[in-house]
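The residues making up each chain are set out below.
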Amino acid sequence: MAFWILAPIMVVAALGILFVRKAVHAALLLAVVMISLAVLYAVLDAPFLFAVQIIVYTGAILMLFLFVLMLVGVDASDSVVETIRGQRAMATVLGLVLGLVLVTAFSQVALGSAVGLDEANAGGNIQQLANILFSRYVFAFEATSALLITAAIGAMVLAHRERLTPKPTQASLAAQRMRDYAESGKHLGPLPSPGVYARHNAVDTPALLPDGTASEASVSRVLAARGTVRSAPAFADDIDEVRRQLGGGRSDAAADPDRMPEQSGKAGAPASTEEDVPGTPGRSSAPPLRSSDEQRPGDPA
Amino acid sequence: MNEFIKPTIEYFELWPLLVVFGVACLGVVVEAFAPRSARYLAQVLLTAGGLVAALVGVVLIARDSEVYADGAARGVLAVGGTIAVDGPTLFIWGLVLVLALGGTLLFAERHLDGGVSAFAGQAAALPGTEAEREASTRGLDHTEVYPLLMFAVFGMMLFPAANDLLTMFVGLEVLSLPLYLLCGLARRRRLLSQEAALKYFLLGAFSSGFFLYGVALVYGYAGSMQFAAINEAVRNDTGNSALLLIGVGMLAVGLFFKVGAVPFQAWTPDVYQGAPTPVTAFMAAGTKVAAFGAMLRLFYVAFGADRWSWQPMMWIIAILTMLLGAVLAVTQTDMKRMLAYSSVAHTGFLLTGVLGVQQTSALADGELTALQAVLFYLATYGFAVLGAFAVVGLVRDSGGEATAMSRWSGLGKESPVVAGVFAFFLLAMAGIPLTSGFVGKLAVFSVALAAGAWPVVIVAVLASIIAAFFYIRVIKAMYFDEPVGDGPTVAYPSVLTATTIALGAAATLMLGILPGPLLDLAGLAGQFIR
Amino acid sequence: MSDLPVLTILIALPLVGALVTAFLPGATARLVGVGVSGVALVWAVLAALTSYTVDGGMQLTETHTWIEALGVHYALGVDGLGLVMVLLTTLLVPIVLVASWHEADAPGNGGSRAFVAWVLALEAMSLAVFTATDVFLFYVVFEATLIPAYFLIGGFGREGRGGAAVKFLIYQLAGGLVMLASVIGFYVVSADAGRPSFLISDLAALDIDPVTQRWLFLGFFIAFAIKAPLFPVHTWLADTTEHATTGTSVLLVCVLDKIGTFGMLRFCLGLLPDASQWATPAVVVLALISIVYGALVAIGQDDVLRLIGLTSLSHFGFIVLGIFVLNTQGGSGAVLYMVNHGVATAALFLVAGYLVQRRGTASIRAMGGGIEKGAPVLAGIFLISGLAACGLPGLSTFVSEMLVLIAAFQHAWWAGAVAVTAIVLAAIYVLWLYQRTMTGPEQVDVRDLDRREVGTLAPLVLALVLFGFVPMPLLDAINPYVEDTLAEVGVTDEAPTVPAADDTGDHATDEAADGAASSQGGHE
Amino acid sequence: MTNEYVVLSAILFTIGCVGVLTRRNAIVVFMCVELMLNACNLALVAFAKQHGNLDGQIAAFFVMVVAAAEVVIGLAIIMTIFRTRRSASVDDASLLKY
């Protein structure tokens, strides 16, 4: 019997929705319930609903859920902190009581033998459904169009942002760049790519300028804000040498333990405390080298 | 076997519904094709015109309505018996349309907030961002609210007219969905507004789940969705009363959610506070009318024969609703929340009327029927609450509407007219004689007492006393307290809001002094048809 | 005058006056107000002299359908009770308006325009209350009086009046809503009997079963007990009189509160006779407690306005006692007491108000005494009205107090005995008050009463003295009513001696014909 | 045999109901509402077979349509909230308090 196989699966899956932490898992469990339901519809002489359940519910509605979950972030897991004390327990108890009442009541109900749908489905389930749908329930059917229109308007209103300014074209962008350069001296060309002249060309490694200083423009600002930019000097052993050759310059940059490169990304490079420096502002000894620090707002240096 | 039978659609009787629906769709088309500058005027005119046309239709139908069956009722069953256009339906349609007209005027108000409406310039722009500011400085406006309003009105008309469970469910959803959206579109305090929309939506969906399960169970009991067939089944008592009882309970839960009865009232204050004030005004009045209309039909027509099993439940709910609404209202410090809790208390009073149903034979000649009393109360409350929220929209400070009650101190000195009108609405809600609220209260209490529900009436009186306290407190603050800081300011509205307030006040006064015509009209509506 | 809607005009006069004065400048509003209320007084007196006959029953009746669906009528009419209350009201309002001539314009107050408008509105509503013969109409105007009263208390008077106004309104609304339940009860009872109606004449003809009667009685009685403050629910009274202006207090205590005792007579006794008899013991006890408690608390007061308010508690105890001992002396005495108390307390409030105005404080201790010599007229009138309050022979209150006491002794010896103690207590609080404020060694320089002020007090004092010696005109009007009512209750007097023994014997109204017959036998 | 189906639907409905009350993530709460609606559909379809008429199936079909519209609106509202708050928890949305 399909029912006895599917019923436990559905109940377990449904219970799972209550307990899994991640919303995505809940969605997948819901899919299990819905597909099982579709099978039960087929068993219950409702082939049309079987199809609609799969296509509309599982195929469209649940996908919409997943889609939104992806937007929100798949990792988003549920907090278990109660804001109203005892609410969870109360809800559980209430739910148990409700379930118990319903289950006992319905298992006692004597419905008699089912009439069955053989007669009602004569001429085809879909044809008969259409018969009813477009005769007795035709007004309700038309009224659902109001729902769908409302839904469409709702989605538009809440999600669609109208463009208030004309979309900039290539030409206008180019003109703007030139204007910026003329007015504020903003760099015209493309930004330097990371890792150039450094030992790595990973995106979190700033490019070194010919004088050995790091180019802050070469790393993504997001990385800098997160504090996962590697220190350039660690990859430039010869920087001291270069300096010496250039004459003057201090040699303590690489020797300073605080200046050791830090491994803050995923690669296993040796650690530097570049990111700790704001805590000890007085110790900054090589200002030109503190590439990532300088990108931080509010840096005392 | 079943050959397809072409349905007969009574276009004349359905005219109001069709017009509202058509205008809503037309509004969407306008939104799509009309230039931005023309949209506001086009939408407002279209909406108002559609409502008026529908209202005219209601009057015409009411004039021609035929006596149904045995003469106790009038009207027709339309579209294969799924929609009952009878006296009560027409009364509720008329009421909803008039209230919606008031709501439209409030929606269209642009004087209060410096030339823009109360709705967000761009709902998709994040609050506090450049995009929002830009939308605001350009005076953008979501004119989609008018079609949404019309869809909600369509739902409000379909819901109480539905003559089977399925149509009723569809009506419920059609009425709810646009309101969820409208709640989230406030121009000021957008976070609050969005939150209100979320809460309203989640709880509304939850409650419609209950309603639907009730539908399923009652269908399981009676084997049909039609109210007449359900009534027949209840009368013949096919056994399995567990299905019926639980089904009725679940349906009631769904409806109680919509009207905000305890213990399902939790959303009311949040939503009333967070939603844009015009929406609150429209929603508070319209939803209650529609949902009570549906409740009356469902319980009287489908389950009337099983009165003894649902009346006790109604007793308890009514008692709890009145008491909790009144007590919690006392503790509020925000005007909109206070009005929200007061609306919960009024739900209780209305339920007191609903449970006052009796056999027609038990009524004396010329005695009020429960239906008449509830319909009348709905009218009185609808106008009062519409007007009250409209006034709330007028009192402002630099941050928009000043809904904190302390900000209302000394309003009587700042603007005696506004304070006076608001005090009048409050007195009406408190049920002071010579206002509509008093006659309404008298009507529902007397039908409840006539049905023997004296404990409920006693509690109702107690709750009225508690309720009177917080209404009076507001009046005292407005007239006798010194203003806090520089005091509240009253934004002088355009003719639109002023008309709505005047409409509310006039109706409240007229129904208080000469309630006869409307009571007679409600009596003339007669009984429901099945 | 037969076709003229006399009572409607009487009510409409001040109502229109209120609407007009609301839009006039303050000074004009005062003049118009006094004029309108004066016209109303003249109209009422004329109506009483020309159209009213003293043979009992409702007169000057008007009946129009108001709300058909509810069986509500706009029905007016007066009987002896209504007539004296109407006269009292119309008399007091012009006096109050003149007495409060400049008071409402004082800084912090709401201005003369509002004051006059509200007072006139209150007068209209009160007149409607006293003449309504439809329970619904009565209820509507009964509650409607609260709105002007609320604004009069809250808008004019001393610091803290806002709170007092809220307290007043809450008490009254609570009472009103409890009564609403009973009003609805009447509707249901009459509907069960065949046809829903609120007309008093229809309701009196109903045969209501005893249990229902008791519930209905409770609803009405609680409301009226709050209105005419009776012991456990009196606490709003003193707060209100303390903070309101004396003009407001006069209207409240002398007119509005009378609605309570008026209602007890008209509705409790008139419509629910069995329940009234059932409740008599409890009500008598409450009344006795009010009498003694009010007097005792009054003795201890330091605020003169509060003190006068509390003496009224004692006096209302007398009135209620007179009503509920259920015999003709008691009834006549109570109605007469209502009039006399109205006049005497009004005089006392007004003169105390003038005193407070002059001294700038209401505290007896702060006044320090010694006014007698500087302002003999003030002191003299103060003394007379004070003595009237404690029922000195020769003043009108004496007659009514005696009647009630005799009735109380007839009812039960202990009731009379307790009530008598109040005379002693009253003497204490009045004389002690007089001694502390007026007599004394130091000479305080106060202005004596001017002509306007004397003018407001003179009619009251005159009435006190006049009715003290000649109470007959009043009793002639009152007695037929009292006999009708008691016949309705079904009480037969053992002692037939009524001071005004001018029983014409023709006081059986239609609906009480059978009951009246038996009671008549008892009288003669 | 209809009984079993109805009992199953009752269980699913209850689970959905408890889920709505206990879960904090708005999307999961909404999923639980969908679970409730599905439970209703099961009952409707089972009763349709029991009574031998197709009203139940029609109703179930309507529910699916309604659910589709509801989901669009619901998710649109949830997305809006998420974009402003970066959180989909019901509790984080708590500016409105008593």
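Please read these numbers as outputs of a predicted model, since none were measured by experiment. The written sequence of each chain sets the order in which its residues are numbered from 1. In the order they appear in the text, chains get letters beginning with A and ligands get numbers beginning with 1. Predicted model: local features are reported for residues with pLDDT of at least 70 only, side-chain atom pairs are reported and counted for 80 or more only, and whole-chain, interface and lining totals are derived from all residues. Side-chain metrics in this entry use all non-hydrogen atoms of the structure; hydrogen atoms and water are not considered.

Trainee: Explain the interface of chain D and chain A to me, using residue names and the numbers behind them.
Mentor: The contact criterion used throughout is that any non-hydrogen atoms of two residues lie within 4.5 Å. With 67 residues of chain D at the contact, the number on the chain A side is 79 residues. Once two parts are put together, the accessible area they lose, assessed with a 1.4 Å probe and summed over both, is termed the buried area. In terms of surface lost to chain A, no three residues of chain D exceed Met31, Lys49 and Met64 of chain D, which account for 10% of the buried area on that side. Salt bridge criterion: a side-chain nitrogen from Lys or Arg within 4 Å of a carboxyl oxygen from Asp or Glu. At the boundary of chain D with chain A, the tally comes to 2 salt bridges. Here a polar contact is recorded for every N or O atom pair within 3.5 Å, except that within protein the pair must consist of a potential hydrogen donor and a potential acceptor, and residues adjacent in sequence are included only if both atoms are side-chain atoms. One can count 15 residue pairs in polar contact (both at pLDDT 80 or more) joining chain D with chain A. Taken together, the elements giving at least two residues each to the side of chain D that touches chain A come down to helix H1 (2–22), helix H2 (26–51) and helix H3 (55–85) of chain D. Ranked by the residues each element gives to the side of chain D that touches chain A, the list is headed by H3 of chain D, at 22 residues. Broken down by class, the residue content of the side of chain D that touches chain A amounts to 45 nonpolar, 14 polar and 8 charged. Helix and strand definitions follow DSSP, with helices as H or I runs of at least four residues and strands as E runs of at least two, each counted in order from the N terminus. When residue character is reported, Ala, Val, Leu, Ile, Met, Phe, Trp, Tyr, Cys and Pro are called nonpolar, Asp, Glu, Lys and Arg charged, and the others, Gly included, polar.

Trainee: So what's going on with the packing of aromatic side chains? Residues and values would help.
Mentor: Residues and elements named next belong to chain C. Ring pairs are drawn from Phe, Tyr and Trp, using the six-membered ring of Trp, whenever the two centres fall within 6.5 Å, and their geometry is named by plane angle: stacked under 30 degrees, edge-to-face over 60, tilted for the rest. Under the defined criterion, the tally for this structure stands at 62 aromatic pairs over all chains. Ring centres of Trp66 and Phe136 lie 5.5 Å apart, and the angle between their planes is 80°; on these two criteria the pair is classed as edge-to-face. Here Trp66, found in strand S1 (residues 59–67), pairs with Phe136, found in helix H5 (residues 135–144); they are 70 residues apart in sequence, far enough to count as distant. Phe136 gets classed as buried once you look at its relative accessible area, which sits at 1%. Both rings, one in Phe220 and one in Phe224, keep their centres 6.0 Å apart while their planes meet at 20°; by these two values the pair is stacked. Residue burial is assigned from relative accessible area. The probe radius is 1.4 Å, only protein chains are included, and a residue is buried under 20% of its type maximum, exposed over 50%, and partly exposed in between.

Trainee: Which residues make up unusual backbone geometry, and what values go with them?
Mentor: Following Val262 of chain B, the chain continues to Pro263 of chain B via a peptide bond in cis, the omega torsion being 5°. Mapped onto the fold, Pro263 of chain B is located in the loop between helix H9 (241–259) and helix H10 (267–274). Even without being a glycine, Asp45 of chain A presents a positive backbone phi close to 60°. Inspection of the secondary structure puts Asp45 of chain A in the loop between helix H2 (23–43) and helix H3 (47–72). For Asp45 of chain A, a relative accessible area of 23% puts it in the partly exposed group. We note that Leu434 of chain B has phi near 75°; this positive angle belongs to a residue other than glycine. In this fold, Leu434 of chain B is placed in the loop between helix H16 (416–430) and helix H17 (436–450).

Trainee: A description of the interface of chain B and chain A should follow, citing residues and the corresponding values.
Mentor: Accessible area lost when the parts come together is the quantity often used to give the size of an interface. On the chain A side, the residues contacting the 54 residues of chain B number 38 residues. With both chains or domains summed, chain B and chain A bury close to 3,600 Å², and 74% of this area falls on carbon and sulfur atoms. At the junction of chain B with chain A, the criterion picks out 0 salt bridges. In this structure, the connection of chain B to chain A is made through 0 residue pairs in polar contact (both at pLDDT 80 or more). Contributing elements (two or more residues each) for the side of chain B that touches chain A: helix H1 (11–33), helix H4 (130–137), helix H5 (145–161), helix H6 (165–183), helix H7 (190–222) and H9 of chain B. Residue contributions to the side of chain B that touches chain A peak at 8 residues, all from H6 of chain B. Residue composition of the side of chain B that touches chain A, grouped by class: 38 nonpolar, 9 polar and 7 charged.

Trainee: Please provide a residue-by-residue account of the pattern of salt bridges, values included.
Mentor: Applying the stated criterion to the full structure yields 16 salt bridges over all chains. A salt bridge links Asp481 of chain B to Lys476 of chain B, with the shortest nitrogen-to-oxygen separation between them at 3.6 Å. Note on Asp481 of chain B: relative accessible area 23%, which makes it partly exposed. In this structure, Glu242 of chain C and Arg306 of chain C form a salt bridge, with 2.6 Å as the shortest nitrogen-oxygen distance. Here the residue Glu242 of chain C occupies a position in helix H10 (residues 235–243), and Arg306 of chain C occupies one in helix H13 (residues 304–324), the gap between them amounting to 64 residues. Owing to a relative accessible area of 19%, Glu242 of chain C belongs among the buried residues under this scheme. Shared partners join several salt bridges into a network, and the residues in it are Glu195, Lys199, Asp270 and Arg337 of chain B.

Trainee: Now, about the confidence of the model for chain B: what can you tell me, with residues and values included?
Mentor: Residues and elements named next belong to chain B. As a per-residue measure, pLDDT tells how confident the predictor is, with possible values from 0 to 100. When pLDDT is averaged across chain B, the result is 88; 98% of the residues are at 70 or more. Between the elements of chain B, mean pLDDT differs from a low of 71, seen in strand S1 (residues 67–68), to a high of 95, seen in H5. Prediction confidence for the complex, expressed as pTM and ipTM, is 0.86 and 0.84 respectively.

Trainee: Please give an account of the packing of helix H11 (residues 277–302) of chain B against helix H12 (residues 307–330) of chain B that cites residues and values.
Mentor: Residues and elements named next belong to chain B. Interaxial angles span 0 to 180 degrees and are taken between N-to-C directions of axes, which are lines fitted to C-alpha atoms, for helices over the stretch in contact. Between H11 and H12, the least distance of the axes is 11 Å, while the angle of their chain directions is 145°. Where H11 approaches H12, its residues Met295, Phe299 and Tyr300 are matched on the opposing element by Trp310, Met313 and Met314. Taken together, the residues of the contact of H11 with H12 sort by class into 6 nonpolar, no polar and no charged.

Trainee: Got a sec to walk through the packing of helix H11 (residues 246–271) of chain C against helix H20 (residues 472–489) of chain C? Specific residues and values, please.
Mentor: All names here are of chain C. The N-to-C vectors of H11 and H20 enclose an angle of 35°; their axes lie 8 Å apart at closest approach. Contacts between H11 and H20 pair Leu265, Arg266, Leu269 and Gly270 from the former with Tyr481, Thr485, Glu488 and Val489 from the latter. Split by residue class, the contact of H11 with H20 holds 4 nonpolar, 2 polar and 2 charged.

Trainee: Summarise the side chain of Ser312 of chain C; cite the residues concerned and give the values.
Mentor: All names here are of chain C. Tracing the backbone shows Ser312 in helix H13. What makes Ser312 buried here is its relative accessible area of 0%. The contacts of Ser312, once residues within four sequence positions are left out, are Leu237, Val253, His341 and Thr345.

Trainee: Quick rundown of H20 of chain C? Include the residues and the values.
Mentor: Note: α-helices contain 3.6 residues per turn, so residues at a spacing of three or four share the same orientation. Residue and element names in this part refer to chain C. To estimate how far a helix should reach, multiply one less than its number of residues by 1.5 Å. Here H20 contains 18 residues, and its C-alpha end-to-end distance of 25 Å stays within 8% of the 26 Å for a straight helix at 1.5 Å per residue. Where H20 bends most, at Ile478, the angle is about 30°, and the proline Pro480 comes one to four residues later. Counting buried positions along H20 yields 14 of 18 residues, so the element is predominantly enclosed. Gly490 sits one or two residues past H20 and shows a positive phi near 85°. Bend at a given residue is defined as the angle between two axes, one fitted to the seven residues that end at that position and one fitted to the seven that begin there.

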